[in-house]
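Given next are the chains, with one letter for each unit.
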Amino acid sequence: MKKILALVLAVMLALLTFAGCGGQKTEADKPESTGKTLIMATNASFPPYEFKDGDAIVGIDAEIAGEIANKLGMELEIQDVKFDSIITGVQTGKFDIGMAGMTVTEERLKNVSFSDTYAKGVQVIIVKEDSEIAGPGDLDGAMIGVQQSTTGHIYASEQYGEDHITAFDTGNDAVQALVADKVAAVIIDNEPAKSYVASNPGLKILDTAYAEEDYAICVSKDNPELLDQINGALAELTADGTISRIIEKYIPAE
Ligand code: ARG
């Protein structure tokens, strides 16, 4: 009996040790440091991809970037900037990469390169719970809140006209304007939408998905080596399950 108990305990201990190691990197996994810093620009008001936890910027993008930097033997530095200054900053070399739940678009591809995609997004519409707006067709003539220069902003202005759009610096500012009845709806990516709705009572997301998108990391067109390194790291992190583990940590399967 004692032996069985000892065996059970030993197995449990072994399992616990393994569980504790999940995702943890041993020193052997860590490539030699190059002493270089990878500067990532983001706009940290976009949970669960990037948001502030005290002074720290955390979220899916921050963690994936940390893993990529680790693979490249670099130190990660994250800078929180306006969304519409990420691409220009990457173009001018102020930042090495832009990672901000950023959708690959033809227009952006004229200015920067994009890595392979690591996540998908869907544009959705947020309204007040008691709103009469039930779908995209009801948005005609309404005032729509968006985050400046995002795809939500681009679609909304193409479809409803710039006169019916109020653009804000952050997605959260757009949602606060909805709470305060300054706009009648917000068009934004689905995961941040879920998170904003969860933290602001009285809001809901309409069922109709608006547009599907691919998220990727942007890199200067002048830096094809870095792009290759990032794609290499992303492929390894996808293959060993790191990317799905990070995404599931922030977006638990329903
Ligand atoms: N996916 C949208 C776009 O690329 C919105 C991204 C906003 N990201 C952010 N971190 N605020 O335009």
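Everything below is about the structure shown above.
Calculation criteria
Residues numbered from 1 in each chain as written. Predicted model: local features only at pLDDT ≥ 70, side-chain atom pairs only at ≥ 80, totals over all residues. Heavy atoms only, no water. Near = heavy atom within 4 Å. Polar contact = N/O pair within 3.5 Å; in protein donor to acceptor, adjacent residues only side chain to side chain. Areas by Shrake-Rupley, 256 points an atom, 1.4 Å probe, with all protein chains shown as cover. Nonpolar A, V, L, I, M, F, W, Y, C, P; charged D, E, K, R; others polar. Core = buried A, V, L, I, M, F, W, Y, C linked by side-chain atoms within 4.5 Å. Buried < 20%, exposed > 50% of the residue type's maximum accessible area, 1.4 Å probe, protein only. Helix = DSSP H or I, 4+ residues; strand = E, 2+ residues; numbered from the N terminus. Contact = heavy atoms within 4.5 Å. Phe/Tyr/Trp six-rings, centres within 6.5 Å; stacked < 30°, edge-to-face > 60°. Pairing = 2+ DSSP bridges. Salt bridge = Lys/Arg side-chain N within 4 Å of Asp/Glu carboxyl O. Expected span 1.5 Å × (residues − 1). Arc of directions from axis to C-beta. Axes fitted to C-alpha atoms, helices over the stretch in contact; angles between N-to-C directions.

A.B. asks: Hey, could you run me through the site of the ligand in this one?
C.D. replies: Contacts to the ligand come from 15 residues, most closely from A100, T103, R108, T151 and D189. Contacts to the ligand include E50, whose side-chain N or O atom sits 3.0 Å from a nitrogen atom. Within the side chain of Q147, one N or O atom sits 3.0 Å away from a nitrogen atom of the ligand. In the complex, the protein chains occlude 100% of the 350 Å² of accessible area that the ligand would expose alone. Per-class residue counts for the shell around the ligand are five nonpolar, six polar and four charged.

A.B. asks: How should I be thinking about the nonpolar core in this particular structure?
C.D. replies: Nonpolar side chains in soluble globular proteins tend to end up buried together. I64, I68 and I126 are the most contacted members of the largest nonpolar core, which has 43 residues in total. Looking at this core, the elements with two or more residues in it are β1 (37-42), α2 (60-71), β8 (119-128), α6 (171-179), β11 (185-189), α7 (190-199), α8 (224-239) and α9 (242-250). Excluding its chain neighbours within four sequence positions, the residues that come into contact with I64 are M99, Y118, L234, L237, I243 and I246.

A.B. asks: Where do I start with the packing of aromatic side chains in this structure?
C.D. replies: Working definition: an aromatic ring pair is given by the centre-to-centre distance plus the angle between the planes. Considering all chains together, one arrives at three aromatic pairs under this definition. With a centroid separation of 6.1 Å and 40° between ring planes, the pair formed by F46 and Y49 is classed as tilted. Grouping aromatic residues by their ring pairs yields a cluster made of F46, Y49 and Y215.

A.B. asks: I would appreciate a short explanation of the sheet that holds strand β2 (residues 45-46) in the present structure.
C.D. replies: Across the sheet, which stays open at both edges, the three strands sit in the order β2-β3-β4 with antiparallel pairing between neighbours. Each edge of the open sheet is held by one strand with a lone partner, namely β2 and β4 (56-58). Here three bridges tie strand β3 (residues 50-53) to β4, and the two strands are oriented antiparallel to one another. For D53, the partnering residue across the bridge sits in β4 and is A56.

A.B. asks: Before we go on, may I ask you to explain the pattern of salt bridges in this structure?
C.D. replies: Side chains carrying opposite charge are able to pair once their charged atoms draw close together. Per the stated rule, a full pass over the model turns up nine salt bridges. E107 is paired through a salt bridge with K110; the nearest N and O atoms lie 3.1 Å apart. Two residues, K194 and E191, come together in a salt bridge whose shortest N-O distance is 2.9 Å. Taken together, the residues span about one helical turn, with K194 and E191 both in helix α7 at a distance of three residues. Since its relative accessible area comes to 35%, K194 is described here as partly exposed. On the accessibility criterion, E191 (11% relative accessible area) is buried.

A.B. asks: Could you clarify how one ought to interpret α8 in this entry?
C.D. replies: Every α-helix carries 3.6 residues per turn, so stepping three or four residues along brings you back to the same face. With 16 residues, α8 extends 22 Å from end C-alpha to end C-alpha; this agrees with the ideal 22 Å at 1.5 Å per step. Regarding α8, the residues found buried are L226, L227, I230, N231, A233, L234 and L237. All buried residues of α8 project into a common sector of 165° when viewed along the axis, lining one side. Turned more than 90 degrees from where α8 packs its buried face, E225, D228 and A239 sit exposed.

A.B. asks: Sorry, what's going on with α6 here?
C.D. replies: Here α6 has its buried residues at G171, A174, V175, A177 and L178. Seen from one end, α6 has its buried residues packed into an arc of 155°, which puts them on one side. Positive backbone phi, at 60°, marks D181, one or two positions downstream of α6.

A.B. asks: Teacher, can you tell me more about the sheet that holds strand β6 (residues 97-98) here?
C.D. replies: In space, the five strands of this open sheet follow the order β5-β1-β6-β14-β7, with mixed pairing throughout. Looking along the sheet, the strands with just one partner apiece sit at the ends: β5 (75-80) and β7 (113-114). Relative to β6, β1 is paired through two bridges, and the arrangement is parallel. From the neighbouring strand, A41 faces β6, where its bridge partner is G98. The strands touched by α2 are β1 and β5; relative to β5, the strand with the most contacts, the crossing angle is about 150°.

A.B. asks: What is the right way to read the pairing of β11 from this model?
C.D. replies: Within β11, five of the five residues are buried, which leaves the element mostly enclosed by the surrounding structure. In the sheet, β8 pairs with β11 via four bridges, with the strands oriented antiparallel. Directly across from V124, in β11, lies its bridge partner I188. Pairing analysis gives two bridges linking strand β9 (residues 144-147) to β11, with the strands arranged parallel. Of the residues in β11, the one forming a bridge with G145 is V186.

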